[in-house]
Amino acid sequence: MKYNFFYLCLFLASFTFAQQPQVKAEIDTTSIRIGEQFQYKISVDATENVIIPKLEDLKGLEVIDTLKIDTIENKLVQKYILTGFDSGAFYIPRQQIFIRNQAYLTDSLLVNVATVPIDTTKVKKFPIKGIKGEPYQFDDFKQYIWWAVIALAIIALLLYFFVFKKKKEQQEKVVVPLLAPYEEAMQKLEELDKKLLWQNNQVKQYYSELTDIIRGYIERELHVPALESTTDELISVLKDFNDTKSIETTKETIEKLKGLLQESDLVKFAKSKPLSHEIEGDRKNATFIIDNLKPKKQIEEDEVE
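These numbers were taken from a predicted model, which means no experiment stands behind them.

Draft legend 1. Geometry of the overall build of the protein. Helices and strands together make up the secondary structure of the protein, namely 7 helices and 13 strands. Sequence separation of at least 24 residues holds for 62% of the intrachain contacts in the protein that already meet a minimum separation of 6. Total accessible area on the protein stands at roughly 23400 Å², and carbon and sulfur atoms take up 55% of it.

Draft legend 2. The arrangement of the sheet that holds strand E8 (residues 88-92) in detail. Strand order in the open sheet made by the 3 strands is E2-E11-E8, with mixed pairing throughout. Every other strand in the sheet has two partners, leaving strand E2 (31-33) and E8 as the edge strands with one partner each. In this sheet, adjacent strand axes meet at a mean angle of 30° when their direction is disregarded.

Draft legend 3. Structural view of the packing of helix H4 (residues 203-222) against helix H5 (residues 231-243). H5 packs onto H4 with a crossing angle of 35° between their chain directions and a minimal axis gap of 13 Å. As for how H4 packs across H5, the hand of that crossing is left-handed. On the side of H4, the interface is formed by Arg 215, Ile 218 and Leu 222, while H5 contributes Thr 231, Leu 234 and Leu 238. Residue composition of the contact of H4 with H5, by class: 4 nonpolar, 1 polar and 1 charged.

Draft legend 4. View of unusual backbone geometry. In this structure, Asn 49 is a non-glycine residue whose phi angle is positive, near 55°. Along the polypeptide, Asn 49 turns up in the loop between strand E3 (37-44) and strand E4 (50-51).

Draft legend 5. Spotlight on the nonpolar core. In this structure, Tyr 206, Ile 218, Leu 238 and Leu 257 are the most contacted members of the largest nonpolar core, which totals 30 residues. Mapped by element, the contributors of at least two residues to this core are helix H3 (181-195), H4, H5, helix H6 (251-269) and helix H7 (276-291). Among the elements that line this core, the one with the most residues is H4, at 9 residues. If we skip the residues at most four places from it in the chain, Leu 238 touches Ile 218, Leu 222, Ile 247, Ile 254, Leu 257 and Leu 293. Grouped together as the second largest cluster of nonpolar side chains are 25 residues, Ile 42, Ile 52, Leu 55 and Leu 82 included.

Draft legend 6. How the structure looks around the pattern of salt bridges. Counted by the stated rule, this structure contains 8 salt bridges. Residues Asp 193 and Arg 283 are paired through a salt bridge, measuring 2.9 Å at the closest nitrogen-oxygen approach. Of the two residues, Asp 193 sits in helix H3 while Arg 283 sits in helix H7, which places them 90 residues apart along the sequence. Note on Arg 283: relative accessible area 16%, which makes it buried. The closest approach of N and O atoms between Lys 195 and Glu 209, which form a salt bridge, is 3.0 Å.

Draft legend 7. A look at H4. Between its first and last C-alpha, H4 extends 28 Å over 20 residues, near the 28 Å set by a 1.5 Å rise per residue. Of the residues one or two after H4, His 223 is the one with positive phi, at around 60°.

Draft legend 8. Seen up close, the packing of H4 against H7. With their axes 10 Å apart at the nearest point, H4 and H7 run at an angle of 10° to one another. Of the possible angle classes, the one that applies to H4 and H7 is roughly parallel. On H7, the residues touching Val 203, Tyr 206, Tyr 207, Leu 210, Ile 214 and Tyr 217 of H4 are Glu 278, Ile 279, Asp 282, Arg 283, Ala 286, Ile 289 and Ile 290. Along the lines of polarity and charge, the residues of the contact of H4 with H7 split into 10 nonpolar, no polar and 3 charged.

Draft legend 9. Summary view of the sheet that holds E4. The strand order across the open sheet formed by 3 strands is E4-E9-E10, and the pairing between neighbours is antiparallel. The open sheet is flanked by E4 and strand E10 (102-105), the only strands paired with a single partner. Where E4 meets strand E9 (residues 96-99), 2 bridges bridge the pair, whose relative direction is antiparallel. Counted as the bridge partner of Val 50 is Ile 99 from E9.

Draft legend 10. Main features of the side chain of Thr 83. In this fold, Thr 83 is placed in strand E7 (residues 75-83). Reaching out from Thr 83, the side chain makes a polar contact with the backbone oxygen of Gly 35 at a distance of 3.4 Å.

Draft legend 11. Main features of the environment of Asp 86. Position of Asp 86 among the secondary structure elements: in the loop between E7 and E8. In this structure Asp 86 comes out as partly exposed when scored by relative accessible area, which is 48%. In this structure, the C-alpha to C-alpha distance between Asp 86 and Lys 59, residues 27 residues apart in sequence, is 10.0 Å. Dropping the residues within four chain positions of it, Asp 86 is found in contact with Ile 34 and Val 113.

Rules used throughout
Residues numbered from 1 in each chain as written. Predicted model: local features only at pLDDT ≥ 70, side-chain atom pairs only at ≥ 80, totals over all residues. Heavy atoms only, no water. Helix = DSSP H or I, 4+ residues; strand = E, 2+ residues; numbered from the N terminus. Contact = heavy atoms within 4.5 Å. Areas by Shrake-Rupley, 256 points an atom, 1.4 Å probe, with all protein chains shown as cover. Pairing = 2+ DSSP bridges. Axes fitted to C-alpha atoms, helices over the stretch in contact; angles between N-to-C directions. Left-handed = near helix turned anticlockwise from the far one by under 90°. Nonpolar A, V, L, I, M, F, W, Y, C, P; charged D, E, K, R; others polar. Core = buried A, V, L, I, M, F, W, Y, C linked by side-chain atoms within 4.5 Å. Buried < 20%, exposed > 50% of the residue type's maximum accessible area, 1.4 Å probe, protein only. Salt bridge = Lys/Arg side-chain N within 4 Å of Asp/Glu carboxyl O. Expected span 1.5 Å × (residues − 1). Parallel < 35°, antiparallel > 145°, perpendicular 65-115°, else oblique. Polar contact = N/O pair within 3.5 Å; in protein donor to acceptor, adjacent residues only side chain to side chain.

In structure tokens, the structure reads:
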């Protein structure tokens, strides 16, 4: 009876052990030289609910490639390509595999990485060669080409705006012939009348433009700096010209000019407000002054042989 119980327990233990999935790790070689590759394989006796994590804690070894998982005879096979670049003995540590949410461990494996012996006495020596430059390509000059294109575009724009366009504007500019001093003064007086300045209470502006027209006429016709001169300075110069017969005018004309300029100074600086008939009188005096203030005529007599 005791033996039967013992055999039953042994049978149940064997059956339970046989039902447990197994994990296995293998390598195709245990010794490599530096840089050589070898295969590391994990096999699992199950195909469902299996998780094979990424290789970890590899010291001295590196994973070159992780191959696709294969299913062979109801087994999962995961292969890795490993190598080592340092000499020595390195362990592939135990890897944790999860089957139906239960962890299983593989065995750790030892790999020896050896150096490659070199007999320096048999190595042929060569002199050190100079650094050889790579041949030039289009990309090497691409940046400089773009800068050159931009520079040429800027130069072209500058030439257009400062040479061609300016020259074109000068060609298209209409040259208006300059009027004679008397004609210009009379034309400006007519334009002043059309503005109706004093009629619209702009008396100061009216007298300023009126006297500027007269002063401009004197400056052009008699070559006197009338626009920059004060009233007293201008009258003094005209009296001297009249005394020396350098101009054709009368004392009455000079007095009318003096009175007009003084009236304008009072309006501009003393806020004087002349009456309408006084303004109209000053306007008539302006025409009178321009008509009777002229340079000396130079009569050239022809020599008769």
